[in-house]
Amino acid sequence: MTDEHSTDQAADPFKPYKGRFQSYPGLPKQGRDHQEILRELSVISEEENARWKTGRVSGTFYHAGDAHRAFLNDIFSLFSHVNVIQADLCPSMSKFESEIVAMTASILNGDAVKAVNPEEEVCGTVTSGGTESILMAMKVYRDRAFYEKNITQPEIIKPKTAHPAFLKAGQYFGIKVVEIPTGQPDFLVDPAAVEAHINDNTIAIVGSAGNYPYGLVDPFDRLSDLALKYDVGLHADGCLGGFILPWIEKLGYPVPVFDFRLPGLTSMSADTHKYGFGLKGTSVILYRNKELRRYQYFDVPDFPGGIYASPSASGSRSGGLTASTWASMVSLGEAGYMDAAKSMMAVADAIRAGIEAIPELILIGDSTFIISFRSDEIDVFHVNDFMKTKGWRFNVLQLPPALHFCVTMPQVQVPDIAGHLIEDVKAGVAYAKSKAGTVAETTALYGMAGSAETNQMMSELLSAYLDHFYTV
Ligand SMILES: Cc1ncc(COP(=O)(O)O)c(C=O)c1O
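Worth saying up front: this structure is predicted, and the values here are computed from it rather than measured.

Asks: A description of the overall build of the protein should follow, citing residues and the corresponding values.
Replies: Looking only at helices and strands, the protein has 16 helices and 13 strands in total. With the C-alpha coordinates aligned to their principal axes, the bounding extent of the protein is approximately 60 × 60 × 50 Å. The buried share of the protein, taken over its 472 residues, is 49%. By sequence separation, contacts in the protein at least 24 residues apart represent 70% of the contacts at least 6 residues apart.

Asks: Run through the packing of helix H5 (residues 130-149) against helix H6 (residues 165-173), naming residues and quoting values.
Replies: With their axes 9 Å apart at the nearest point, H5 and H6 run at an angle of 50 degrees to one another. With respect to their mutual orientation, H5 and H6 come out oblique. For the pair H5 and H6, the sense of crossing is right-handed. Packed against H5, whose contacting residues are Thr 131, Ile 134, Leu 135, Met 136, Met 138, Lys 139 and Arg 142, the element H6 presents Ala 165, Phe 166, Lys 168, Ala 169, Tyr 172 and Phe 173 at the interface. Split by residue class, the contact of H5 with H6 holds 9 nonpolar, 1 polar and 3 charged.

Asks: I'd love a proper account of the sheet that holds strand S4 (residues 202-208), names of residues and values included.
Replies: Strand order in the open sheet formed by 7 strands is S1-S7-S6-S5-S4-S2-S3, and the pairing between neighbours is mixed. Unpaired on one side and paired on the other, strand S1 (123-127) and strand S3 (176-180) mark the two borders of the sheet. Pairs of neighbouring strands in the sheet enclose a mean axial angle of 20 degrees, with direction left out of account.

Asks: Outline the site of the ligand, listing residues and values.
Replies: Surveying the vicinity of the ligand reveals 13 residues, the closest of which are Gly 130, Thr 131, Asp 237, His 273 and Lys 274. The separation between an oxygen atom of the ligand and a polar main-chain atom of Gly 130 is 2.9 Å. Measuring from a nitrogen atom of the ligand, one finds a side-chain N or O atom of Asp 237 at 2.6 Å. The fraction of the free accessible surface of the ligand (390 Å²) that becomes covered by protein chains is 83%. At 3 residues, H5 tops the list of elements feeding residues into the shell around the ligand. Of the residues that constitute the shell around the ligand, the class distribution is 4 nonpolar, 6 polar and 3 charged.

Asks: Summarise the state of the cysteines; cite the residues concerned and give the values.
Replies: This model, assessed by the stated rule, comprises 0 disulfides. Cys 239 takes part in no disulfide bond, and the closest cysteine sulfur to it belongs to Cys 406, at a distance of 13 Å.

Asks: I'd like a rundown of the environment of Ile 198, residues and numbers included.
Replies: With respect to the helices, strands and loops of the structure, Ile 198 is situated in the loop between helix H7 (191-197) and S4. Looking at Ile 198, the relative accessible area reads 14%, which means it is buried. Linking Ile 198 and Ala 227, residues 29 residues apart in sequence, is a C-alpha distance of 9.8 Å. Setting aside anything within four residues of it in sequence, one finds Ile 198 in contact with Ile 157, Ile 205, Leu 226 and Tyr 230.

Criteria and thresholds
Residues numbered from 1 in each chain as written. Predicted model: local features only at pLDDT ≥ 70, side-chain atom pairs only at ≥ 80, totals over all residues. Heavy atoms only, no water. Helix = DSSP H or I, 4+ residues; strand = E, 2+ residues; numbered from the N terminus. Buried < 20%, exposed > 50% of the residue type's maximum accessible area, 1.4 Å probe, protein only. Contact = heavy atoms within 4.5 Å. Axes fitted to C-alpha atoms, helices over the stretch in contact; angles between N-to-C directions. Parallel < 35°, antiparallel > 145°, perpendicular 65-115°, else oblique. Left-handed = near helix turned anticlockwise from the far one by under 90°. Nonpolar A, V, L, I, M, F, W, Y, C, P; charged D, E, K, R; others polar. Pairing = 2+ DSSP bridges. Near = heavy atom within 4 Å. Polar contact = N/O pair within 3.5 Å; in protein donor to acceptor, adjacent residues only side chain to side chain. Areas by Shrake-Rupley, 256 points an atom, 1.4 Å probe, with all protein chains shown as cover. Disulfide = S-S within 2.5 Å.

So this is what it looks like as structure tokens:
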């Protein structure tokens, strides 16, 4: 079916379906046939799946295979129409969500909290994703600081490498975000630098387990000491690592302690929709005690529409996501997650060893499931240009320029993916040498950020991109 509204068939990478399928600038007068819609969307879905099924896409698609996804979709369909916050009508949601939270707490050593203080018990809520979990934790610290310490100009301290969601929280909730630069030699946050920025307005400090750019775990033992010394919150962002680092640690890899075993740790985010292998749209936010969680809740007892309460930023949420997340966890169990982690780490180890053996490349930090590298000799953005021609999608890092590959289950499903990756990276390095002195295509996008002026320019480009996203 062609697009009657589109005459411009020029290739726009963000609008590949223009001209191929009907566009809808308005609601169609008559509804379309189910089978026809299903056929059309199956074509789109299969084409998009083909890309990551090559195993050449870093991160993004985490799940444990087609059978697992089909199972989750079956579960989703049983509860897709259910609203999680209508607990009176669907008490199953209370079962699923409380158990998702409890299981996540058990993975992240929630039991250790009671040993320090028998009055405390790790608790939490399910949210729509990592960003919402982080937003909620920052709101909790802001409100706690206001009500308990009368802090009206709240500040948090984060490593530069911690996720932009903390900056979003700052913008949404009026919290000043103090960023601590990270860099050589270990690319981790320096606790002494964090301490130097703690003041009377500090409500929380933040670290990542592991961080998005490099997969590294910040030195939480020392951050925990600081949190206790200055009586501020400590949030561990385990959105990415929360459902894989515990298994990696059990497999015997050296993973710094980052969870509730630390007495100063007060909250933690962990994404069920990443390495929890759930469908997209859920995450867990955990707190050290129920008093903290109370600051997350929202209620309006005198709403004319009836008494209103919701635990998080979202209002209605699909019970399908909750049920399928629960099903993902109980169907895999510890053994399933361990097996997955073991097979992903076999790939990650092979990639790491291969990169380490390429003299022009320098590994960034002591990471596990993400392999990041930079170079002092060649422009790694040229390497990225080359890798793109071979169908690879690395994540492009900046400040400093670097690339990372985040290993997920699709890599496990393609034989010798690490061998192919290393072979192509080697060829990419040779290509980069041949292009020395020229500007890489990747640089056009990533070489700009840094100064206030170029950041402003990038900001405008990004807004234009988002406008374009919502253009039919
Ligand atoms: C370390 C880390 N924190 C937070 C987030 C935000 O998660 P989400 O995209 O689910 O909102 C991500 C996403 O990649 C992440 O890697």
